[in-house]
Amino acid sequence: MIELFTNPAYRHALAAGAALGVACALLSVLVVLRRWAFIGEGISHAGFGGVATAWLLSLAIPAIAGEGSAYFVAVLFCMAMALAIGWVSRRERINADAAIGIVLVGSLAWGFIALQIYQHAGSPNGPASAWDNYLLGNVQYLSTAATITAICISAAVVLVLVLMSKEIQFYCMDPELAELSGVRAGFVHYVLMLLLAMVIIVGMRLAGYLLVTALLVLPGATALALSRRLKVVLIIATAAGIIGTIGGLAVRATWTFIPSGPAMVLILTLQFILAYAWSLLAVK
């Protein structure tokens, strides 16, 4: 545990994890209420396709072969996929779940094929840049700049949620009624998609793209299992998110062979199980 506070890498992860825990917790309430868990899954897996795109581009443009460039391309790819999913989910020509599933499997397939092409080409720029760190996360993958970026993005997400709280609440209760009442439902919809993409991009470094969606589902599900009052739900979700992220980092610092992402998700899952069990006992 001493390592958690003395090692600079863990201090960076603590700061980023706490900020991410708050942002994801607040968004998770909306994700659960709107049943958007699968949307988050699609956006998170798009990140792997984004990193793969950077690898291929580096074959033609060696200057973008670094880890920072790969992450930047992943950001753009996630944003584009988030807007695409948001556009499809507002229309009825294609089932939203089907469209999200297509993005999910397509991004994964593209990512692995791109990796094989890159390796088959002889990897002139060296091995693929830390691709396994995107899979399950790595706390030692956070530089000072990345930590500051994570905190700023998380703060921006929270600020947008606060400034648009009334419109977002109305939209989440009933999008059609909200639009009829003058709420810019389409604008709110796309803003929420981009906010999801932003926290997923940050969370990929801590929890990995395979598990980051858990941060957008479990805190909200835990809170809603214990209460239906919005303020109470937001407080419980925030506490659950912070406990999950920091608890996962503590597990990683204590047992270094355990990845931080799975540790976070397991703690969040245990919180949900306890909350759900408590809710069943309370009903009886």
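Look up a bit, the structure's there.
Cut-offs used in this document
Residues numbered from 1 in each chain as written. Predicted model: local features only at pLDDT ≥ 70, side-chain atom pairs only at ≥ 80, totals over all residues. Heavy atoms only, no water. Helix = DSSP H or I, 4+ residues; strand = E, 2+ residues; numbered from the N terminus. Buried < 20%, exposed > 50% of the residue type's maximum accessible area, 1.4 Å probe, protein only. Contact = heavy atoms within 4.5 Å. Areas by Shrake-Rupley, 256 points an atom, 1.4 Å probe, with all protein chains shown as cover. Core = buried A, V, L, I, M, F, W, Y, C linked by side-chain atoms within 4.5 Å. Salt bridge = Lys/Arg side-chain N within 4 Å of Asp/Glu carboxyl O. Phe/Tyr/Trp six-rings, centres within 6.5 Å; stacked < 30°, edge-to-face > 60°. Lys NZ or Arg CZ within 6 Å of the ring centre and 35° of its normal.

J.: So what about the overall build of the protein chain? Which residues, and what values?
T.: The secondary structure content of the protein chain amounts to 13 helices and 0 strands. Its helices and strands taken in sequence order, the protein chain reads α-α-α-α-α-α-α-α-α-α-α-α-α from the N to the C terminus. Within the span of the protein chain, comprising 284 residues, buried residues form 50% of the whole. Long-range pairs, those at least 24 residues apart, make up 77% of the contacts in the protein chain between residues at least 6 apart in sequence. Accessible surface computed for the protein chain: about 13300 Å², of which carbon and sulfur atoms make up 70%.

J.: Any details on the nonpolar core? Residues and values, ideally.
T.: With 66 residues, the main nonpolar core has L27, I43, L161, L192 and L196 as its most contacted residues. Elements with a contribution of two residues or more to this core: helix 2 (8–34), helix 3 (37–60), helix 4 (67–89), helix 5 (96–120), helix 7 (144–163), helix 8 (165–173), helix 10 (185–207) and helix 13 (260–283). Looking at this core element by element, the count peaks at 15 residues for helix 10. The residues touching L192, leaving out its near neighbours within four places in the chain, are L30, W36, L161, I168 and Y171. Counting residues in hydrophobic clusters, the runner-up holds 6 residues, among them A25, V29, L224 and A237.

J.: Now, about the pattern of salt bridges: what can you tell me, with residues and values included?
T.: Scanning all chains against the criterion turns up 1 salt bridge. The partner of E167 in a salt bridge is R184, with the nearest N and O atoms 3.4 Å apart. Of this pair, E167 sits in helix 8 while R184 sits in the loop between helix 9 (175–180) and helix 10, and the two are 17 residues apart along the sequence.

J.: I'd like to hear about the packing of aromatic side chains, residue by residue, with values.
T.: Within this structure, the stated rule accounts for 1 aromatic pair. Each ring, one from F272 and one from Y276, has its centre 5.8 Å from the other, and the planes form 25°; the classification is stacked. Taken together, the residues F272 and Y276, both in helix 13 and 4 residues apart, mark about one turn of the helix. Take Y276: its relative accessible area is 44%, and that puts it in the partly exposed class. Over the ring of Y171 we find R34, and its NZ or CZ is 5.2 Å from the ring centre.

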